[in-house]
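Structure at a glance
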There are 2 protein chains.
Amino acid sequence: MKFNFMINLHNKTYTCPVDVSLSFIRGKWKVLILFHLHYFQKRSYSEIRDNLPGISEKVLAQQLKELERDGMITKHLRTRKPLRVEYALTDLGRSLSPMLEFLSQWGIEYLKTNGIDYLQDQHLYK
Amino acid sequence: MKFNFMINLHNKTYTCPVDVSLSFIRGKWKVLILFHLHYFQKRSYSEIRDNLPGISEKVLAQQLKELERDGMITKHLRTRKPLRVEYALTDLGRSLSPMLEFLSQWGIEYLKTNGIDYLQDQHLYK
DNA sequence: CCGCCACCCTACTTTTTGGTAAGCTCTTTC
DNA sequence: GAAAGAGCTTACCAAAAAGTAGGGTGGCGG
């Protein structure tokens, strides 16, 4: 039983629907950004940046742009005079929420079985 | 509200549990391999290869090794005389099944809203 | 005994991705 | 009016990931 045929979409080729899904979340920080927005609903540029320790401005701006282009997030101009923006998930982005939650829970579980209690630690560090 | 502290595990640093989860499935083909094994239960090296059009033997062997090292899959020696092996998900690997199913369904949905009926096409190509 | 297939491995190159550092506008704050 | 912060951009460089091309063993089928 084989079904190795290709899917063509947006001038790219995918091996299967999973591959299509993955194309949206590839990139070191994308899922983290999506999870962040899932968790906080609306966030400014600097709020996202400050909660992703290690990300560079270049990469952040880049991935935000790609996520916006792909219809996963929106960028809302709050004020133009002092430039203030707000990022949030779109409906499409929100449709990934179950996965984002799953990844978070799975990670917490994995840490627990490896002797790290994330929730307790979170409490310690706050 | 901020909680930017780090998690240390296996000599690496993670920003949050989601990041921990992601570390297991990074790589262009890993999720595809996992989904494949989720779908077929047991598969040989060449069965996996033939169902991932475009993957090189180098990368396949590499990612299989990493997945094995990370406890996601097992490699079972079926026969030694003619070397025949069988890859399958471990319990840990199987614990990702909900996500694998989700990614597949999400991709199918996405394709549908973009005018591609995957199931129908699958029928056509088989 | 020739070739093919399963099951890889290795050296090397290319591509992709991410990081560094700096700069720029506008605005509020001291 | 200097500094600092939001929200970026750009040029350049490094690292990571993936691709290419070949090699190798050991059956098995003809």
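Read on for a plain summary of the structure.

Counting secondary structure elements, chain A contains 7 helices and 5 strands. Taken from N to C terminus, the helices and strands of chain A fall in the order β-β-α-α-β-α-α-β-β-α-α-α. Projected onto its principal axes, the C-alpha coordinates of chain A cover approximately 50 × 50 × 25 Å. Relative to all contacts within chain A whose residues are 6 or more apart in sequence, the contacts with residues 24 or more apart total 43%. Carbon and sulfur atoms form 51% of the exposed surface of chain A, whose accessible area is close to 6,900 Å². Averaging the locations of the 19 positively and 13 negatively charged side chains of chain A gives two centres separated by 7 Å.

We now examine the sheet that holds strand E4 (residues 73-79) of chain B. All names here are of chain B. Across the sheet, which stays open at both edges, the 3 strands sit in the order E3-E5-E4 with antiparallel pairing between neighbours. Either end of the sheet is taken by a strand with one partner, and the two such strands are strand E3 (42-43) and E4. Note: E4 against strand E5 (residues 84-89), 6 bridges, orientation antiparallel. Among the inter-strand pairings, isoleucine 73 is bridged to a residue of E5, identified as leucine 89. The strands that helix H2 (residues 30-40) touches are E3, E4 and E5; relative to E5, the one it contacts most, it runs at about 95 degrees.

Reading the values: rules and limits
Residues numbered from 1 in each chain as written. Chains lettered and ligands numbered in written order. Predicted model: local features only at pLDDT ≥ 70, side-chain atom pairs only at ≥ 80, totals over all residues. Heavy atoms only, no water. Helix = DSSP H or I, 4+ residues; strand = E, 2+ residues; numbered from the N terminus. Contact = heavy atoms within 4.5 Å. Areas by Shrake-Rupley, 256 points an atom, 1.4 Å probe, with all protein chains shown as cover. Lys, Arg positive; Asp, Glu negative; His and termini not counted. Charge placed at Lys NZ, Arg CZ, Asp CG, Glu CD. Pairing = 2+ DSSP bridges. Axes fitted to C-alpha atoms, helices over the stretch in contact; angles between N-to-C directions.

Interpretation note: all reported values are geometric properties and have no functional meaning in isolation.
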